[in-house]
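# Examining the three-dimensional arrangement
Below are the chains, spelled out letter by letter.
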Amino acid sequence: MDYWNVTTGATVSLAVIRSPAIVPVTDPRYGGVILFNPGGPGGSGVGFLLGNSKGVRKTLDVEDQKHYDLLSFDPRGVGQSTPPVGCIKNPALDHAWLLRVMEEGVFEASDAAMGRLWSMSIARSGSCSLPLPDGEPDIRKYVTTASVARDMLEIVERHGEWREAEARRLLGTAASIPPTLLYKPSGEKIQYWGFSYGTFLGNTFAAMFPDRVGRLVVDGVVDAYNYKKALWSDNLLDTEKDLQGLYYHCARAGYPACALANETGVTTAEGVKDRVLNITYSLYHNPLPVISPSPEVITYSDVKNIIFA
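Numbering of residues starts from 1 in every chain and runs along the sequence as written. Restriction of local features to residues with pLDDT of at least 70 applies here, the model being predicted, together with a cutoff of 80 or more for giving and counting side-chain atom pairs; totals for whole chains, interfaces and linings are based on all residues. Water and hydrogen atoms were dropped before computing side-chain values, which therefore reflect all heavy atoms in the structure.

This paragraph deals with the environment of Pro 210. Secondary structure follows DSSP: runs of H or I at least 4 residues long count as helices, runs of E at least 2 residues long count as strands, and numbering of each begins at the N terminus. Along the chain, Pro 210 falls in the loop between α5 (197-208) and β5 (213-218). Along the sequence, Pro 210 and Pro 289 sit 79 residues apart, while their C-alpha atoms lie 55 Å from each other.

Glancing now at helix α2 (residues 91-104). An α-helical segment advances 3.6 residues per turn. Residues three or four places apart therefore align on the same side. For α2, spanning 14 residues, the distance from its first C-alpha to its last is 20 Å, which sits close to the expected 20 Å at 1.5 Å a residue. For each residue, the accessible area found with a 1.4 Å probe, counting protein chains only, is set against the maximum for its type, and the residue is called buried under 20%, exposed over 50%, and partly exposed in between. For α2, the full list of buried residues reads Asp 94, Trp 97 and Glu 104. Considered in projection along α2, the buried side chains sweep an arc of 85° and stay on one side of the axis. What points out from α2, more than 90 degrees from its buried face, is the exposed set Pro 91, Ala 92, His 95, Leu 99, Met 102 and Glu 103. Whether two residues touch is decided by their heavy atoms; if any such pair falls within 4.5 Å, the residues are in contact. Contacts from the buried residues of α2 go to α3 (113-128). Of the residues flanking the start of α2, the one acting as N-cap is Asn 90, its side-chain oxygen 2.9 Å from the backbone nitrogen of Ala 92. Residue count minus one, scaled by 1.5 Å, sets the expected span of a helix. The reported arc concerns the directions from the helix axis to the C-beta atoms and nothing else. Polar contact criterion, stated in full: a pair of N or O atoms within 3.5 Å, where within protein one must be able to donate a hydrogen and the other to accept it, and residues adjacent in sequence count only if both atoms are side-chain atoms.

Relative to the assigned elements, Thr 145 resides in helix α4 (residues 145-171). A polar contact of 2.7 Å, which involves the side chain of Thr 145, links it to the side chain of Tyr 197.

So, about the state of the cysteines. Here, the term disulfide refers to a pair of cysteine sulfur atoms separated by no more than 2.5 Å. Evaluation of the coordinates by the stated rule reveals two disulfides. Here Cys 87 connects covalently by a disulfide to Cys 128, the sulfurs 1.8 Å from one another. Handedness here is read from the sign of the S-S torsion; for Cys 87 and Cys 128, about 115°, the answer is right-handed. Placement of Cys 87 in the loop between β3 (67-73) and α2 and of Cys 128 in helix α3 is noted, with a sequence separation of 41 residues between them. In this structure Cys 87 comes out as partly exposed when scored by relative accessible area, which is 26%. Residue classification places Cys 128 among the buried positions, given a relative accessible area of 18%. The disulfide bridge from Cys 250 ends at Cys 258, spanning 1.9 Å between sulfur atoms. Because the sign of the S-S torsion sets the handedness, a value of about -90° for the bond joining Cys 250 and Cys 258 places this disulfide among the left-handed ones.

A separate point is the domain arrangement of the chain. For the chain, the assigned domains are domain 1 (16-81 + 140-229), domain 2 (91-136) and domain 3 (238-308). Segment limits for the domains were obtained from an automatic or database-derived domain assignment. For domain 1 and domain 2, the distance between their C-alpha centres works out to 34 Å.

Another point: the environment of Tyr 284. Inspection of the secondary structure puts Tyr 284 in the loop between α8 (269-282) and β6 (288-290). Remark: the alpha-carbon pair of Tyr 284 and Ser 301, spanning 17 residues in sequence, is separated by 8.1 Å. When neighbours within four sequence positions are excluded, Tyr 284 is seen to be in contact with Glu 108, Ala 109, Ser 110, Asp 111 and Tyr 300. A polar contact of 3.5 Å, which involves the side chain of Tyr 284, links it to the backbone oxygen of Ala 109.

A few words on the packing of α4 against α5. Whenever a helix is involved, its axis is fitted only over the stretch in contact; in every case the axis is a line through C-alpha atoms, and angles between N-to-C directions fall within 0 to 180 degrees. Across the interface, α4 lies against α5 with an axial gap of 9 Å and an inter-helix angle of 70°. Taken together, the axes of α4 and α5 are roughly perpendicular relative to one another. Between α4, through Thr 145, Ala 146, Val 148, Ala 149, Met 152 and Leu 153, and α5, the contact on the second element is made entirely by Tyr 197, Phe 200, Leu 201, Thr 204, Phe 205 and Met 208. When an angle is under 35 degrees it counts as roughly parallel; over 145 it counts as roughly antiparallel; between 65 and 115 it counts as roughly perpendicular; any other value is oblique.

Next up, the structure:
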C-alpha cells in the first residue's frame, strides 16, 4: 500500500486482465505487452479491456508483422481491486445520492441548484474523509497518481517474469530463449496507451521512471499544474469555439444533412444558434415527457450536458 515510507505494512490486490496476443511469445511477430488505462480517474481497466479489446487490437496489430498482449488493470481503490475506496457504505444509498445529484441538474438549472449541489458536495466529500476505525489501513491515503504509476512499474516487471517463464515452457531450455524474451529485473520497459486521465498517469510514469519508457501514447495532454490544482480551466478555452463550429457547419451542410437547419430557406450560423437556444430554454420550465414502458423526461440540464459532452 505504501511503497516509499512504509507507514503501513498493508498491501493492495490489483485486478489485472490480459487479452493474449494471437501468436506465442516465441513468435518473431510477438510485439510484447501494451498496458492501458481508460481514464477517470477511477475508470475500470478490466471493464475497458473486456469491452474494447477487439477494437484496440484492430488498431494496434499489424497482420504478419506485430501482435501484442493487451493488458489493463483496475487501479488501486477502483473496481475489483481491493481494498476499495468507498465513501458511502450502503450501495443503494450511494446510487440514490447520485440520482439526487442528477436530478438537481446543472448549476443554473434552477435558482436553488447551485446551493444544493454545493452543500451535497461538501457533505459527500466530508464523509469521504472521516477517519477509519483505529488500526484499519486507509487506502484513501495511497491512491495518488504516483502510487498508481508505481503499480504500473510492478505490473511491467511481473509481465517480464511471465514472458521468460512462458518462453522457457514453449522452448524447453533456457539456452534457446532469445535475449529479447529474457526477464530484465529492474530494467523492463513499459509500452503504454492512456486515455483522458490516463494521459496524466502516463506522463507521471515518464517523469518518475524516464529510463523505463519504451513507447508511450497519451491522447489528452494537460497542463499538470492546472490539473493538480483542480482548476480545470485551460481545457475549456475552446469550448465556445467548438459550439460555434457546430453552428457554422450545420448552416454549411443545410437541411436535411443537419436537422437543425432551415427546411425552407437559407440557413445561417446565427439561425442555428438561435434554434438550439430556443429548444434548450423551452425545457427550462417545461421538460419534455417521454411516454414509453420506461417513461422519462428530457430536461434543460439533459440537453446542456449532452451538448457539453
